[in-house]
Amino acid sequence: IISINSSLIFMKYLEKIDYLSKIKKIEKIMYYETNNLKKFKFIKEIRGIGFMWGIEINNNYFSKKDFTNTIRSKLLKNKLITWESGSESNVICLVPPITISISSIKSAFKIINKTFNEIEKKFTTWNTFSYIVLIELILNKIVWKKTFVIYDIFYNETNRGEMGEWLKPQVC
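Each chain has its residues counted from 1, following the order in which its sequence is written. For a predicted model such as this one, the threshold for reporting local features is a pLDDT of at least 70, and the threshold for listing and counting side-chain atom pairs is 80 or more; totals across whole chains, interfaces and linings nevertheless cover every residue. Just so you know, side-chain values use all the structure's heavy atoms and leave hydrogens and water out.

## Describing the environment of I46
Following the sequence through the fold, I46 ends up in strand 1 (residues 43–49). Each residue is placed in one exposure class: buried if its accessible area under a 1.4 Å probe, protein chains only, is under 20% of its type's maximum, exposed if it is over 50%, and partly exposed if it falls in between. Assessed through its relative accessible area of 12%, I46 is described here as buried. In the structure, I46 is positioned eleven residues away from N35 in sequence and 7.5 Å away in space, judged by C-alpha atoms. Leaving out residues up to four positions away in the same chain, I46 has contacts with T34, L37, K38, W53, G54 and I55. Where helices and strands are cited, they refer to DSSP runs of H or I of at least four residues and of E of at least two residues respectively, numbered from the N terminus. For this analysis, residues touch if any pair of their heavy atoms sits within 4.5 Å.

## What to know about the layout of surface pockets
Definitions used for this entry: grid spacing 1 Å over protein atoms alone; cavity, a set of points where a 1.4 Å probe fits but cannot get out; pocket, an open set with protein on both sides within 12 Å along at least 5 of 7 lines; lining residue, one with an atom within 4 Å of a point. Grid points are joined across faces, edges and corners, and a volume is the space filled by probe spheres set on the points. Looking at the largest pocket, its volume works out to about 300 Å³. The wall of the largest pocket is formed by 18 residues, among which L80, I81, P96, I100 and A108 lie closest to the centre. Taken together, the elements giving at least two residues each to the lining of the largest pocket come down to strand 4 (91–94) and helix 4 (102–124). Ranked by residues supplied to the lining of the largest pocket, first place goes to helix 4 with six residues. Taken as a whole, the second largest pocket spans an internal volume of roughly 200 Å³.

## Focus: a nonpolar patch on the surface
Here a patch means residues that are over 30% exposed by relative accessible area and free of salt bridges, tied together within 9 Å if like-charged and within 5 Å if nonpolar (Val, Leu, Ile, Met, Phe, Trp, Tyr). We get accessible surface area from the Shrake-Rupley algorithm with a probe of 1.4 Å; when it comes to residues, only the shown protein chains can shield them. A carboxyl oxygen of Asp or Glu within 4 Å of a side-chain nitrogen of Lys or Arg is what we treat as a salt bridge. There is a patch of nonpolar side chains on the surface, built from M52, L76, I81, W83 and V95 and spanning about 550 Å² of accessible area. Along the chain, M52 turns up in strand 2 (residues 52–57).

## Some details on unusual backbone geometry
Its identity is not glycine, yet D18 carries a phi of approximately 55°, on the positive side. Position of D18 relative to the elements: it lies in the loop between helix 1 (2–16) and helix 2 (19–36). The phi dihedral of S89 is positive, around 55°, even though this residue is not glycine. Of note, S89 is situated in the loop between strand 3 (83–85) and strand 4. Taking the relative accessible area as the measure of exposure, S89 reaches 24% and is therefore partly exposed.

## A short note on the pattern of salt bridges
Between side chains of opposite charge, a pair can form as their charged atoms come close. This structure, assessed with the given rule, holds four salt bridges. For R47, the salt bridge goes to E45, with nearest N and O atoms at 3.0 Å. A salt bridge links E84 to R72; the nearest nitrogen and oxygen atoms lie 3.7 Å apart. Taken together, the positions of E84 in strand 3 and R72 in helix 3 (residues 67–77) put the pair twelve residues apart, joining distant regions of the chain. A single salt-bridge network, built from bridges that share partners, covers K44, E45, R47 and E56.

Right under this line is the structure:
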């Protein structure tokens, strides 16, 4: 009887503070903020209702098989606690306490955006080394193309179209 009475008092309290409207208000904020995360290429899907939201990570985007835990540890270093979920452990769960304020939710999503931006920048932008390799590949293709033209001219001039041994590469 005591537990029934406690439950009844708690239910009356929830009605008094109009708690369901707070849940709906926070759900709208969570929906808006999580939809803003869809811009990141490594996010596969976002699902949620009320206070429970999940961000499914596409681990195929990363070279490491279980990169979701790496993302979660980066979020934790930035002072945001998340849960792990999903059959492949690739869902980052956001389950704030029911006492959370709207400003705390906005702060949490600032942390998520900052962390996700760092991750995407690290895995999608080209560093200086990448540009150097690309330039070398382009230059090598041009050099080889010119080299083949020189070989072809030299081969045809010296052998007059007869079949013979290929010349050794010469430095141009």
